[in-house]
Amino acid sequence: MPVKSYKHIVSLLAFVAPAFIIYLLFLLIPTIGGMYYSFTDWNGLNRNYSFIGLGNFIEALREDPDFVHSLLFTLKYVLFMIVLQNIFALVLAVFIETKTRTKGFFRTIFFMPNMISTIISAFMWTFVFSQVLPQIAEKTAMSFLDQLWIGDPKVSFYSIIIVSLWNGVGYMMIIYLAALQGVPQSLKEAAVIDGASPFQTFRKVTLPMITHAVTICFFLTLNGAFKVFEVVYGLTGGGPGRSTQVITMNIYEEAFSNNFRYGYASAKSVILFVIILIFTFIQIGVMKRKEVEA
């Protein structure tokens, strides 16, 4: 091997080594370790533990109604977030794209909530739901704002959705904006000349040209929604009762609150990993076919 090629390879390896070491220590090794301990009854403290095979998985899926409920609640949350977050983000992106002089201003305003920590956003909105909205309802005719936004199981889910959208739409909006800026203006002008309405131009020209961005945003929303934790923890704590407990909170509770069942919590984490993997493959497969058709 030539000396230059050898030095080039060494320099590339040295460049990626820090990131790879961090990835290995803080993600890959803990993931493999979690999969290993999911087949044990380890409590996270003692050195001694026993292998119990698929016992943890069977218990989680057959004998743990709280886990099943948290899984179903998470699936409901994922469905709402995939639809609403992408619709709002795309609408905002299209709206901002039409603003020539104030584009930077609106882009900054709508992206700012994404710069705030999710847990801080949850605490902020807790104050809004418990103090601000009841006061507005009392002083105006908008009595519908006087709700138990956090204390009512029927309403608290929508409170979580509101905060999640407020915090996450801006990031998806930026991705859609970047895609919209890549659509040739000549194509849209040609559609207008041919008599297409603004909606027809968007549906027939713009949307097919940004399907790659739709795939990315759907992927990010899907994975983020399945792994949601901070907003629920800070807003409702999984309550009232366990009505808003997501699967990540159930895993956290199992590992740190219920007798430190780390092996059982690891099994639940593996189940979550498999579910995300399956949904991701399905989503990417469907969206990639849409990109080809477009």
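What you see is a predicted model; the values in this text were computed from it and never measured.

### Some words on the overall build of the protein chain
Now for step 1: The secondary structure content of the protein chain amounts to 12 helices and 0 strands.
Now for step 2: The order of α-helices and β-strands along the protein chain, N terminus first, is α-α-α-α-α-α-α-α-α-α-α-α.
Now for step 3: For the protein chain, the spread of C-alpha atoms along the principal axes amounts to about 80 × 75 × 30 Å.
Now for step 4: Within the protein chain, the proportion of its 294 residues that are buried is 35%.
Now for step 5: A separation threshold of at least 6 residues defines the contact pool for the protein chain, and within that pool the share at least 24 residues apart is 69%.
Now for step 6: Accessible area of the protein chain: about 17,500 Å², with a carbon and sulfur share of 69%.
Now for step 7: Mean positive and mean negative side-chain charge positions of the protein chain (21 and 16 charges, respectively) differ by 11 Å.

### Some points on the UniProt feature "transmembrane region" (unreviewed entry) in the protein chain
Now for step 1: As recorded in UniProt, the feature "transmembrane region" (unreviewed entry) lies at residues 12–39, 77–96, 116–137, 157–179, 205–226 and 262–282.
Now for step 2: Between the end C-alpha atoms of residues 157–179 there is a gap of 32 Å, over a span that is 100% helix and 0% strand.
Now for step 3: Structurally, residues 205–226 is divided into 95% helix and 0% strand, and its ends, taken at the C-alpha atoms, are 32 Å apart.

### With respect to the nonpolar core
Now for step 1: Residues Tyr 77 and Tyr 176 are the most contacted members of the largest nonpolar core, which totals 61 residues.
Now for step 2: Counting only elements with at least two residues in this core, the list comes to helix 2 (55–62), helix 3 (65–97), helix 5 (118–139), helix 6 (153–181), helix 9 (211–226), helix 10 (230–235), helix 11 (247–256) and helix 12 (262–293).
Now for step 3: When residues of this core are assigned to their parent elements, the largest contribution, 14 residues, is made by helix 6.

### Structural notes on the layout of surface pockets
Regions of empty space are outlined by a rolling probe, equal in size to a water molecule, passed over the atoms.
Now for step 1: Its boundaries defined by the atoms lining it, the largest pocket holds a volume of some 740 Å³.
Now for step 2: Lining the largest pocket are 20 residues; nearest its centre among them are Thr 31, Ser 269, Val 270, Leu 272 and Phe 273.
Now for step 3: Those elements that provide at least two residues to the lining of the largest pocket are helix 1 (3–37), helix 11 and helix 12.
Now for step 4: In terms of residue count, helix 12 provides more of the lining of the largest pocket than any other element does, 8 residues in total.
Now for step 5: Split into classes, the residues belonging to the lining of the largest pocket amount to 12 nonpolar, 7 polar and 1 charged.
Now for step 6: By volume, the second largest pocket amounts to about 440 Å³.
Now for step 7: As for the second largest pocket, its lining consists of 21 residues, and the residues nearest its centre are Gln 85, Asn 167, Gly 168, Gly 224 and Ala 225.
Now for step 8: Elements with a contribution of two residues or more to the lining of the second largest pocket: helix 3, helix 6, helix 9 and helix 10.
Now for step 9: A per-element tally of the lining of the second largest pocket places helix 9 first, with 6 residues.
Now for step 10: Its residues placed into classes, the lining of the second largest pocket shows 10 nonpolar, 9 polar and 2 charged.

### Here's the deal with the environment of Val 128
Now for step 1: Residue position: Val 128 is located in helix 5.
Now for step 2: Of the residues examined, Val 128 reaches a relative accessible area of 22% and is grouped as partly exposed.
Now for step 3: Sequence separation between Val 128 and Trp 149 is 21 residues; the distance between their C-alpha atoms is 9.7 Å.
Now for step 4: With residues near it in sequence (within four places) discarded, Val 128 still touches Leu 133 and Pro 134.

### Some details on the packing of aromatic side chains
Now for step 1: In this structure the tally under the stated criterion is 24 aromatic pairs.
Now for step 2: Measuring from ring centre to ring centre gives 6.3 Å for Phe 106 and Phe 110, while their planes differ by 20°; the resulting arrangement is stacked. Of this pair, Phe 106 and Phe 110 both sit in helix 4 (residues 103–111), 4 residues apart, roughly one helical turn.
Now for step 3: The exposure class of Phe 110 is partly exposed, given its relative accessible area of 28%.
Now for step 4: The interplanar angle of 70° and the centroid separation of 5.8 Å between the aromatic rings of Trp 125 and Trp 166 together place this pair among those described as edge-to-face. With a gap of 41 residues between them, Trp 125 in helix 5 and Trp 166 in helix 6 connect regions that are remote in the sequence.
Now for step 5: Linked through ring pairs, Tyr 36, Tyr 37, Trp 42, Tyr 49, Phe 51, Phe 229, Tyr 233, Tyr 252, Phe 256 and Tyr 262 together constitute an aromatic cluster.

### Describing helix 11
Now for step 1: By the criterion of burial, helix 11 is predominantly enclosed, with 8 of the 10 residues buried.
Now for step 2: Ile 247, Thr 248, Met 249, Asn 250, Ile 251, Glu 253, Glu 254 and Ala 255 are the residues of helix 11 that are buried.

### Thoughts on unusual backbone geometry
Now for step 1: Each neighbour pair has its own omega, and for Gly 239 with Pro 240 the value is 0°, a cis peptide bond.
Now for step 2: As for its position among the elements, Pro 240 is in the loop between helix 10 and helix 11.

Reading guide: rules and limits
Here the residue index of a chain counts from 1 through its sequence in written order. It should be noted that, the model being predicted, local features are given only for residues of pLDDT at least 70 and side-chain atom pairs only at 80 or more, the latter also being counted only at that level, while totals for whole chains, interfaces and linings use all residues. The side-chain values count all of the structure's non-hydrogen atoms but skip hydrogen atoms and water molecules. Secondary structure elements follow DSSP: runs of H or I no shorter than four residues count as helices, runs of E no shorter than two count as strands, and numbering proceeds from the N terminus. Here the term buried applies to any residue with accessible area under 20% of the maximum for its type, exposed to any over 50%, and partly exposed to those in between, with areas from a 1.4 Å probe on protein chains only. Every residue pair with non-hydrogen atoms within 4.5 Å of one another is taken to be in contact. Only the protein chains shown count as covering a residue, and every accessible area follows the Shrake-Rupley method with a 1.4 Å probe. Charged-residue counts in this description rest on Lys and Arg as positive and Asp and Glu as negative, His and the chain ends being excluded. Charged side chains are reduced to one point each, which is NZ for Lys, CZ for Arg, CG for Asp and CD for Glu. UniProt positions are given in the numbering used here, feature names are shortened, and annotations may be inferred rather than shown by experiment. What makes a nonpolar core is a set of buried Ala, Val, Leu, Ile, Met, Phe, Trp, Tyr and Cys residues whose side-chain atoms join them at distances within 4.5 Å. Buriedness of a pocket was judged along seven lines, with at least five required to meet protein on both sides within 12 Å; pockets are open sets of points on a 1 Å grid over the protein atoms alone, cavities are sets where a 1.4 Å probe fits but cannot get out, and lining residues have an atom within 4 Å of a point. Grid points are joined across faces, edges and corners, and a volume is the space filled by probe spheres set on the points. Gly falls in the polar group here, along with every residue not listed as nonpolar (Ala, Val, Leu, Ile, Met, Phe, Trp, Tyr, Cys, Pro) or charged (Asp, Glu, Lys, Arg). For Phe, Tyr and Trp, rings pair up if their centres lie within 6.5 Å, where Trp contributes its six-membered ring, and each pair is then called stacked (planes under 30 degrees apart), edge-to-face (over 60) or tilted (otherwise).

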